[in-house]
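Read off the chains here:
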Amino acid sequence: MKKWIAFILLTVSFTFSSCFKDLDTVPLDPNLITSGTVFDDPGTYKQFLAKLYAGFAVSGQEGPSGQPDILGIDEGFGQYLRGMWYHQELTTDEALIGWNDQTIYDYHDLDWTASDGFTFAFYSRIFYQIPLVNEFLRETTDEKLDSRGVSGQLRTDIADFRTEARFIRALSYWHALDVFRNVPFVTEKDKVGSFFPEQIQGPELFKYIESELLDIENKIKAPRTNEYGRADRGAVWTLLAKLYLNAEVYTGQKKYTECLSACEKIISAGYTLEPQYAHLFLADNHRSNEIIFPIAFDGINTRTWGGMTFIIRAGIGGSISPLASGVSGGWGGSRTTRQFVEKFPADLTGIIAEFNPGKNYPKVYIPGSFQSMPFNGSDTKNALTSAKSNKIYEGYRYFAEDNAELVILRNPSSTLGGKLGDNGADGTLETNGANIKAGPKGLYYIKVDLNNNTYLLEKQSWGIVGNATPGGWENDTEMIWNEEFGYLTLKVELSVGDFKFRANRDWAINLGDTGRDGILDAGGDNISITKPGGYEVRLDLENPDYSYELRLTGFDRRGIFGTNGQILDINTREDIAIFNNGYAVLKFKNITSDGQSGSNVEFPDTDFPMFRLADAYLMAAEAILRGASGASKAKAVDYVNIVRTRAYSGAAGNITESDLNLDYILDERARELYWECHRRTDLVRFNKFTTADYLWAWKGGVSQGQAVDSRFNIFPIPSADISANPKLVQNPGY
């Protein structure tokens, strides 16, 4: 199965405390299982490893809740990913939430305290993971394995398991370093029993994490060779890159050259960008070759009220369809701010001009051999219209085969009674006359004049012409027929300027847009292009009135927002509680890339991409701008443009060296990585999290945003742990 950690067979449950209890005991009752006997079953080693990975995804032994890992904490908001998302997203411009749960508003206001329950929950998850890893490492030493007679392939596998466990511990300690900085510190070398862990300072914890990752770098499996959902060398390099990119924040020492080196290892390791950005966040994203390390979810076997269930369902409300995101209902909570939305171009969909359906006019009908049910008069879509109600009817029809035949009906009729045809093929209509015949396949202009019972059938070609087009005002750029959708289309690079549609490369028949209403007029005004780039131009001549669309092919496809019924601004504190205030973010969905629903509409199959290749490109570019040796600014531009080429489906979004600076990198990281738990760390690194250098709605608890005390760049050690462990000193300012 795709997600090997879905079934967690090993049940290990601890009550959190800074005083870790004795785990190495042998039961008096031989029917009880403890760490002293559990490894008598060889399969337990991999099951224990699965438990370590599952700690990022689930919160207990019975999903979505029941038999919790940590007593006294709600399993929904106490789940690891949800806790990380609260700290990394709700504190920033990328997200706010309309619920009034406990102290949740304090996160966006940036005024939390050391007694905050959400902070305690995430801290507890981190320090639940770490002692689990420590115990696994104690139970898999050479001495322990020798005593159990473990050898052969299992012994080799366990060596791999140990490197992965150390990666998981390093990842959890990195989250502790980044969010809490100065934390209690224990490893497998600490003697088992009740004791007060020593507090480690940020610079020393940085060195420990770095040393662990460097030590396992060449021991863990090579990139892309491990089972999906398990760490490999690519994950180690990515965590190293993140550690080095933020080293100046954590330690005061610059490590940008080291960051670039780690990123370049990732870039050359065989990962590739997912061709379509949106596919990275769907229910079958486990197929992507871009994701380096995920948190794996499964709607049947890995259920939680946190994780992707929370991220997807909390972001749906108002008039937004839950089924469009593959879930049964939304929770009406999370949205985003104006300041984040404005990082994307205004044309979020790329639609510059849209088809205008026009008005209803008198019609005659033209059933014929070209229909799916030939000569079906009740098929009323095949019609000509009289825009002036003067008994002169016009329109276009595309015939996919040569020598198509048709008749004229004044009224729809499946029996074709009273049809008009042409006995002499001379353009004159007779009642019950012979079928009218077209010539070679193609698009035909059809005109019927019932004032004198005549008709015209003329094959035409269409194109665009003008100084906005490649051919200028003299040479047409031809359009082609789209049989699936029933209109003419053309993909073309357009410049700033004007153009018109014309038939047969001649000005006798041309269409423009007088009034800029999307309806085309014979001889009408030029259509203006104000934004250069790649376009798909569409021309609808089958429906009255004649209409057109202009769609950018080169636009940023990453802004996946729900705007229907939503208001961009959140003006008052009371408005935060109303879901319709603020755009929704619909980036993650529980549907597959081919449009199928996930396995369960309550709990998503969608995996969370903790590490992925695009992040490595952007980290490399930033490291270069910050002074990494061995690469030029041109290389940084190349890395950014690789990411933007995917976003724009082409080179339309590419930038030059003059465009690229650190502020641009920060915005580009937001556009590419939003809601993926990077934003708070990024804003802190750029000194924009607590300062007045960048303000967003409700930062600091006011609608226009304000600076806050710099102590909020890190979170406090929860007061409960300060009270429990006399060796801990609270972070400054708390």
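Right above here is the structure, for reference.
Described in the following lines is the structure provided in the data block.

Quick notes on the rules
Residues numbered from 1 in each chain as written. Predicted model: local features only at pLDDT ≥ 70, side-chain atom pairs only at ≥ 80, totals over all residues. Heavy atoms only, no water. Helix = DSSP H or I, 4+ residues; strand = E, 2+ residues; numbered from the N terminus. Buried < 20%, exposed > 50% of the residue type's maximum accessible area, 1.4 Å probe, protein only. Contact = heavy atoms within 4.5 Å. Areas by Shrake-Rupley, 256 points an atom, 1.4 Å probe, with all protein chains shown as cover. Lys, Arg positive; Asp, Glu negative; His and termini not counted. Charge placed at Lys NZ, Arg CZ, Asp CG, Glu CD. Pairing = 2+ DSSP bridges. Axes fitted to C-alpha atoms, helices over the stretch in contact; angles between N-to-C directions. Polar contact = N/O pair within 3.5 Å; in protein donor to acceptor, adjacent residues only side chain to side chain. Expected span 1.5 Å × (residues − 1). Salt bridge = Lys/Arg side-chain N within 4 Å of Asp/Glu carboxyl O. Core = buried A, V, L, I, M, F, W, Y, C linked by side-chain atoms within 4.5 Å. Parallel < 35°, antiparallel > 145°, perpendicular 65-115°, else oblique. Left-handed = near helix turned anticlockwise from the far one by under 90°. Phe/Tyr/Trp six-rings, centres within 6.5 Å; stacked < 30°, edge-to-face > 60°. Lys NZ or Arg CZ within 6 Å of the ring centre and 35° of its normal. Nonpolar A, V, L, I, M, F, W, Y, C, P; charged D, E, K, R; others polar. Arc of directions from axis to C-beta.

## Quick word on the overall build of the chain
- Tallying secondary structure elements over the chain gives 18 helices and 28 strands in all.
- Counting only C-alpha atoms, the chain reaches 105 × 55 × 50 Å along its principal axes.
- The burial tally for the chain puts 58% of its 734 residues in the buried class.
- Of the contacts made within the chain by residues no fewer than 6 positions apart, 68% connect residues no fewer than 24 positions apart.
- Summing over all exposed atoms, the chain offers an accessible surface of approximately 28500 Å²; the carbon and sulfur share of this is 49%.
- Positive and negative charge centroids in the chain, built from 73 and 95 side chains respectively, lie 1 Å apart.

## Considering the sheet that holds strand 19 (residues 487-494)
- Judged by pairing direction, the sheet is antiparallel, and its five strands sit side by side in the order 6-25-24-19-18 without closing on themselves. In the strand order of this sheet, the two ends are held by strand 6 (351-353) and strand 18 (480-482), each with one partner. Pairs of neighbouring strands in the sheet enclose a mean axial angle of 30 degrees, with direction left out of account.
- Two strands pair when backbone bridges link them, and strand 19 and strand 24 (residues 533-540) are joined in this way by seven bridges, in the antiparallel orientation. Each residue of the ladder has a partner; that of Glu 493, found in strand 24, is Gly 534.

## Quick notes on the side chain of Arg 612
- Note that Arg 612 resides in strand 28 (residues 608-612).
- Of the residues examined, Arg 612 reaches a relative accessible area of 1% and is grouped as buried.
- At 2.7 Å, the side chain of Arg 612 and the backbone oxygen of Glu 672 are in polar contact.
- At a separation of 2.8 Å, a polar atom in the side chain of Arg 612 contacts the side chain of Glu 676.
- Sequence-distant contacts of Arg 612, defined by excluding residues within four places in its chain, comprise Tyr 277, Leu 280, Phe 281, Glu 290, Ile 291, Ile 292, Arg 646, Glu 672, Leu 673 and Glu 676.

## So, the pairing of strand 14 (residues 442-449)
- Of all eight residues in strand 14, seven are buried, a share of seventy percent or more.
- As judged from the eight bridges shared by strand 9 (residues 392-399) and strand 14, these two strands associate in the antiparallel manner. Within strand 14, the position partnered with Gly 395 by the bridge is Ile 446.
- Hairpin connection between strand 14 and strand 15 (residues 454-460): a loop of four residues separates the two successive antiparallel strands, and Asn 453 in this loop has a positive phi of roughly 55 degrees.

## With respect to the environment of Ile 446
- Residue position: Ile 446 is located in strand 14.
- The buried category is assigned to Ile 446, whose relative accessible area is 2%.
- The spatial distance from the C-alpha of Ile 446 to the C-alpha of Ile 366 is 9.7 Å, given a sequence separation of 80 residues.
- The residues touching Ile 446, leaving out its near neighbours within four places in the chain, are Ile 366, Leu 384, Tyr 393, Glu 394, Gly 395, Arg 397, Phe 399, Leu 406, Leu 456 and Leu 457.

## Considerations on helix 7 (residues 202-216)
- With 15 residues, helix 7 extends 21 Å from end C-alpha to end C-alpha; this agrees with the ideal 21 Å at 1.5 Å per step.
- Those residues of helix 7 lying buried are Gly 202, Leu 205, Phe 206, Tyr 208, Ile 209, Glu 210, Glu 212, Leu 213 and Ile 216.
- For helix 7, the secondary structure elements touched by its buried residues are helix 6 (152-179), strand 2 (183-185), strand 3 (198-200), helix 8 (233-245) and helix 9 (247-251).

## Here's the deal with unusual backbone geometry
- A cis amide bond links Pro 544 to the next residue, Asp 545, at an omega of -20 degrees.
- By secondary structure assignment, the location of Asp 545 is in the loop between strand 24 and strand 25 (547-552).
- Not every positive phi belongs to a glycine, and Asn 504 is a case in point at roughly 55 degrees.
- Within the secondary structure, Asn 504 sits in the loop between strand 20 (497-503) and strand 21 (510-512).

## Observations concerning the pattern of salt bridges
- Applying the stated criterion across every chain yields a total of 52 salt bridges.
- Taken together, the shared-partner salt bridges in this structure form one network comprising Glu 290, Asp 556, Arg 558, Lys 587, Arg 612, Arg 644, Arg 646, Glu 668, Arg 671, Glu 672 and Glu 676.

## Brief notes about the nonpolar core
- In terms of nonpolar packing, the biggest core is built from 159 residues, with Tyr 86, Phe 167, Ile 209 and Phe 608 touching the most fellow members.
- Look past the residues within four positions of Ile 209 in its chain and what remains in contact with it is Ala 170, Tyr 173, Trp 174, Leu 177 and Leu 243.
- Counting residues in hydrophobic clusters, the runner-up holds 28 residues, among them Tyr 445, Leu 494, Tyr 535 and Leu 541.

## Structural notes on the packing of helix 14 (residues 613-625) against helix 15 (residues 633-648)
- It is the contact of helix 14 with helix 15, at a shortest axis distance of 8 Å, that shows an interaxial angle of 155 degrees. Our classification of the angle between helix 14 and helix 15 gives roughly antiparallel. For the pair helix 14 and helix 15, the crossing hand works out as left-handed. On the side of helix 14, the interface is formed by Ala 614, Tyr 617, Leu 618, Ala 620, Ala 621, Ile 624 and Leu 625, while helix 15 contributes Lys 633, Lys 635, Ala 636, Tyr 639, Val 640, Ile 642, Val 643 and Arg 646.

## Regarding the packing of aromatic side chains
- Enumeration over the complete set of coordinates arrives at 56 aromatic pairs.
- Their ring planes at 45 degrees and their centres at 6.4 Å tell us that Trp 99 and Trp 331 sit as a pair that is tilted. Taken together, the residues span a long stretch of sequence, with Trp 99 in the loop between strand 1 (96-97) and helix 3 (105-109) and Trp 331 in the loop between helix 11 (307-313) and strand 5 (334-335) at a distance of 232 residues.
- Trp 331 gets classed as partly exposed once you look at its relative accessible area, which sits at 26%.
- Above the face of the Tyr 674 ring, Lys 587 is positioned so that its terminal group lies 4.0 Å from the ring centre.
- The ring centre of Tyr 664 lies 5.3 Å from the NZ or CZ of Arg 671, which sits over that ring.

## Quick notes on the packing of helix 14 against helix 16 (residues 662-673)
- Between helix 14 and helix 16, whose axes approach to 10 Å, the crossing angle comes to 170 degrees. On the basis of their axis angle, the class for helix 14 and helix 16 is roughly antiparallel. Touching Ala 614, Asp 615, Leu 618, Met 619, Ala 621, Glu 622 and Leu 625 of helix 14 are Leu 662, Ile 665, Glu 668, Arg 669, Glu 672 and Leu 673, all from helix 16.
- Of the residues in the contact of helix 14 with helix 16, the class split is eight nonpolar, no polar and five charged.

## Some words on helix 10 (residues 256-267)
- Its 12 residues give helix 10 an end-to-end C-alpha distance of 16 Å, which sits within 8% of 16 Å, the value for a rise of 1.5 Å per residue.
- Inspection of helix 10 places Tyr 256, Cys 259, Leu 260, Ala 262, Cys 263, Ile 266 and Ile 267 among the buried residues, and these make up the whole buried set. Buried residues of helix 10, seen end-on, are gathered within an arc of 165 degrees and therefore sit on one face of the element.
- Lining the buried residues of helix 10 we find helix 8, helix 9, strand 4 (291-295), helix 14 and helix 15.

## Looking at the pairing of strand 4
- Counted residue by residue, strand 4 has five buried out of five residues, so it is predominantly covered.
- Where strand 4 meets strand 28, four bridges bridge the pair, whose relative direction is antiparallel. Bridge pairing links Ile 295 to Phe 608 in strand 28.

## A short note on the environment of Gly 518
- Secondary-structure assignment places Gly 518 in the loop between strand 21 and strand 22 (521-522).
- In this structure Gly 518 touches Asn 356, Asp 513, Tyr 546, Ser 547 and Tyr 548, once residues within four positions along its chain are discounted.

## A look at the environment of Ile 70
- Summarising the element assignment, Ile 70 is placed in the loop between helix 1 (44-54) and helix 2 (80-89).
- Separated by 58 residues in sequence, Ile 70 and Tyr 128 have C-alpha atoms that sit 7.8 Å apart.

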